[in-house]
Amino acid sequence: MGIFQILMKKKEIIPLVTFVTFAGLGAISVSVYSLFKTDVILNRSQNPEPWENVDPTQPQKLISINQQWKPIEELQKVKRLTK
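Only a predicted model underlies this, so the values are computations on that prediction, with no experimental measurement involved.

Before we move on, can you summarise the overall build of the chain with the specific residues and values?
Counting secondary structure elements, the chain contains 3 helices and 0 strands. Starting at the N terminus and walking to the C terminus, you meet the elements of the chain as α-α-α. When the 83 residues of the chain are sorted by exposure, 4% land in the buried category. In the structure as shown, the chain presents an accessible area of about 7900 Å², 64% of it carried by carbon and sulfur atoms.

Now the structure itself:
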């Protein structure tokens with residue numbers, strides 16, 4: 001018996017299968033989307049501090065409302081001294 005034959009016999013499980021399928025696809029798509037973000041580390045030996053390469057002018061969230069970034073002078077001085 002195929003999945004479609006079971007769904008045609010028991011039509012009351014069609015919404016359940018639909019919701020579970022969409023939830024699974026949504027979870028997979030968010031996981032794949034998160035892998036390509038700049039703050040996710042997959043290989044720590046190659047680049048142990050990837051947050052140093054993050055562009056602060058680019059929003060890092062899926063939705064950013066009124067995001068403004070200003071450099072902190074003290075941190076910039078420390079960063080220049082340690083390099």
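There's plenty left to go through after this.
Give me the UniProt feature "transmembrane region" (unreviewed entry) in the chain: which residues, what numbers.
In the UniProt entry, the feature "transmembrane region" (unreviewed entry) is given for residues 12-36. When the span residues 12-36 is considered, its composition is 88% helix and 0% strand, and the gap between its end C-alpha atoms is 39 Å.

Give a description of the confidence of the model for the chain that names residues and reports values.
When pLDDT is averaged along the chain, the result is 81; 86% of the residues meet or exceed 70. Averaged over each element, pLDDT in the chain is lowest for helix 3 (residues 73-82) (85) and highest for helix 2 (residues 14-35) (93).

Help me get a handle on a nonpolar patch on the surface, residues and values and all.
A cluster of nonpolar side chains, contributed by I28, V32, L35, F36, V40 and L42, occupies part of the molecular surface with about 620 Å² of accessible area. Judged by its relative accessible area of 42%, V32 falls in the partly exposed class.

What counts as what
- Residues numbered from 1 in each chain as written.
- Predicted model: local features only at pLDDT ≥ 70, side-chain atom pairs only at ≥ 80, totals over all residues.
- Heavy atoms only, no water.
- Helix = DSSP H or I, 4+ residues; strand = E, 2+ residues; numbered from the N terminus.
- Buried < 20%, exposed > 50% of the residue type's maximum accessible area, 1.4 Å probe, protein only.
- Areas by Shrake-Rupley, 256 points an atom, 1.4 Å probe, with all protein chains shown as cover.
- UniProt positions renumbered as here; feature names shortened; annotations may be inferred.
- pLDDT = per-residue confidence, 0-100.
- Patch = residues over 30% accessible without salt bridge, like charges linked within 9 Å, V, L, I, M, F, W, Y side chains within 5 Å.
- Salt bridge = Lys/Arg side-chain N within 4 Å of Asp/Glu carboxyl O.

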